[in-house]
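# Commentary on secondary and tertiary structure
Now for the letters of each chain:
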Amino acid sequence: MRLGFLGTGTAIPSARGASGYVLEAAGEVLLLECGPGSTRRWPAMGLDFARVGAVLCSHHHVDHCGDLAALLFGRTVARPEVHPGLVFAGPRGHRALVDALVVAFGDALVHDDLTVTELDDGTALTLAGFVVRARAMAHPRRNADEAPALGYRIERGGRAVAFSGDTGPCDALVELCRGADVALMECSYPAARETSSHLNGRTVGEMARAAEVERLVLTHFYPAADEADLAAEVRSAGYDGELVLAQDGLWIEVAR
Ligand SMILES: [Zn+2]
Ligand SMILES: [Zn+2]
């Protein structure tokens, strides 16, 4: 299994695309997040509609799902060869989001042949051959009815990737990451920016240390994070395993 980075930034315009990752194994492809700009990198990363079996989103902030409309439009207009059984998956409300995109942008976003699947805290399902388990994370919601942002544990062939989505520090993240081969965690801000909605250079290190992570990969960098010495901040928080600061276009092998 290998993990690729289509976008490691946020919705703030920068050289980084917004959130987008790809998991690839045995010829099958699961897209993780679909933030603005992340689909621009599909061709360079060897992706097309025929290969992508599922698109999984963590929550409904625009930096994680803003390119879904472009994807729907692209497959309608370009009439590409499309993976049979393409699935869009995300938290409760995902179906309503896709329907709202059609209302907003018109009938070119036809998705009659698309399966839209919703996950909640504790849901386990198989997407494009990858076993996905969802956990509710600690990230702001507009109201109590809105589904929580989800983190995912994604497993295949005895390997596991844990993905934080967007979250502040929480026990569920520690549980999600424990024993994973790769812990892919957001690191929105430098340590000086205190927040309970996201992780910063200190709290991400504390989470990784608590989960006894062996290989920590950081992503979801706001511009202020790019100006900080995140590696030093993570180390001074007590994390001493392998550390990677992701860049758009990177591929890493998920192995022990
Ligand atoms: Zn968010
Ligand atoms: Zn975000």
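### Some points on the overall build of the chain
When its secondary structure is counted, the chain shows 7 helices and 14 strands. Against the 2.2 N^0.38 benchmark of 18 Å for 256 residues, the chain shows a C-alpha radius of gyration of 17 Å, consistent with a compact globule. By principal-axis analysis of the C-alpha atoms, the chain measures approximately 50 × 40 × 35 Å. Counting only residues that meet the buried cut, the chain has 55% of its 256 residues in that class. Within the chain, contacts between residues at least 6 apart in sequence are counted, and of these 65% link residues at least 24 apart. In the structure as shown, the chain presents an accessible area of about 10,400 Å², 50% of it carried by carbon and sulfur atoms. Where the 23 positive side-chain charges of the chain centre and where its 34 negative ones centre are 3 Å apart.

### Focus: the coordination of the zinc ion (ligand 2)
Around the zinc ion (ligand 2), the protein supplies D63 (OD), H64 (NE2), D166 (OD) and H220 (NE2) as donor atoms, at distances of 2.1 Å. With 4 donor atoms in place around the zinc ion (ligand 2) and angles of 89 to 164° between them, the coordination shape is irregular. All donors of the zinc ion (ligand 2) belong to a single chain; written as a sequence motif, their spacing is D-H-x101-D-x53-H. Here the zinc ion (ligand 1) and the zinc ion (ligand 2) are spaced 3.6 Å from one another, each receiving a donor from D166. Here H64, found in helix α1 (residues 62-65), pairs with D166, found in the loop between β10 (159-163) and α4 (171-177); they are 102 residues apart in sequence, far enough to count as distant. D166 carries the same exposure label as H64, and that label is buried.

### A closer look at empty space enclosed by the protein
On inspection of all chains with the given rule, the structure shows 1 cavity of 30 Å³ or more. Taken as a whole, the largest cavity holds about 80 Å³ of empty space. Residue composition of the lining of the largest cavity, by class: 5 nonpolar, 4 polar and 3 charged.

### Brief notes about the coordination of the zinc ion (ligand 1)
Coordination sphere of the zinc ion (ligand 1), protein contribution only: H59 (NE2), H61 (ND1), H139 (NE2) and D166 (OD), at 2.1 to 2.4 Å. One can describe the site at the zinc ion (ligand 1) as irregular: its 4 donor atoms subtend angles covering 92 to 169° at the metal. Sequence positions of the donors to the zinc ion (ligand 1) reduce to the motif H-x1-H-x77-H-x26-D.

### Quick look at the pairing of strand β6 (residues 115-119)
Judged from the 5 bridges that link them, strand β5 (residues 87-91) and β6 form a sheet pairing that is parallel. Bridge pairing in β6 links F88 to V116. Of the crossover connections in this fold, the one passing from β5 over helix α3 (residues 94-105) to the parallel β6 is right-handed.

### Overview of the packing of aromatic side chains
Across all of its chains, the model carries 4 aromatic pairs by this definition. A centroid spacing of 5.7 Å and a plane angle of 85° characterise the contact between F5 and Y21, whose relative ring orientation is edge-to-face. Here F5, found in strand β1 (residues 2-7), pairs with Y21, found in strand β2 (residues 20-25); they are 16 residues apart in sequence, far enough to count as distant. Through a chain of ring-to-ring contacts, the aromatic side chains of F5, Y21 and F163 assemble into a single cluster. Looking at R193, its charged tip hangs above the ring of Y189, at a distance of 4.0 Å from the centre.

### Thoughts on the sheet that holds strand β3 (residues 28-32)
With respect to topology, 7 strands assemble into an open sheet ordered β6-β5-β4-β3-β2-β1-β14, the strand pairing being mixed. Every other strand in the sheet has two partners, leaving β6 and β14 (251-253) as the edge strands with one partner each. Between one strand and the next, the sheet's axes are offset by a mean angle of 20°, whatever the strand orientation. The pairing of β1 with β14 spans 3 bridges and is classified as antiparallel. When the sheet's bridge partners are listed, L3 is paired in β14 with I252. The strands that α3 touches are β5 and β6; relative to β6, the one it contacts most, it runs at about 140°.

### Section: the packing of helix α2 (residues 68-77) against α3
It is the contact of α2 with α3, at a shortest axis distance of 10 Å, that shows an interaxial angle of 65°. Note that α2 runs across α3; the crossing there is right-handed. Side by side, α2 and α3 meet where L68, A69 and L72 of the first sit next to H94, L97, V98, L101 and F105 of the second. Looking at side-chain class alone, the contact of α2 with α3 contains 7 nonpolar, 1 polar and no charged residues.

What counts as what
Residues numbered from 1 in each chain as written. Chains lettered and ligands numbered in written order. Predicted model: local features only at pLDDT ≥ 70, side-chain atom pairs only at ≥ 80, totals over all residues. Heavy atoms only, no water. Helix = DSSP H or I, 4+ residues; strand = E, 2+ residues; numbered from the N terminus. Rg over C-alpha atoms; globule rule 2.2 N^0.38 Å. Buried < 20%, exposed > 50% of the residue type's maximum accessible area, 1.4 Å probe, protein only. Contact = heavy atoms within 4.5 Å. Areas by Shrake-Rupley, 256 points an atom, 1.4 Å probe, with all protein chains shown as cover. Lys, Arg positive; Asp, Glu negative; His and termini not counted. Charge placed at Lys NZ, Arg CZ, Asp CG, Glu CD. Donors = N, O, S within 2.8 Å, 3.2 Å for Na, K, Ca; no water. Tetrahedral: all angles 85-135°; square planar, octahedral: opposite > 155°, others 65-115°. 1 Å grid on protein atoms, 1.4 Å probe; cavity = no way out; pocket = protein on both sides within 12 Å on 5 of 7 lines; lining within 4 Å. Points joined across faces, edges and corners; volume = space filled by probe spheres on them. Nonpolar A, V, L, I, M, F, W, Y, C, P; charged D, E, K, R; others polar. Pairing = 2+ DSSP bridges. Right-handed = clockwise from strand over helix to strand, strands pointing away. Phe/Tyr/Trp six-rings, centres within 6.5 Å; stacked < 30°, edge-to-face > 60°. Lys NZ or Arg CZ within 6 Å of the ring centre and 35° of its normal. Axes fitted to C-alpha atoms, helices over the stretch in contact; angles between N-to-C directions. Left-handed = near helix turned anticlockwise from the far one by under 90°.

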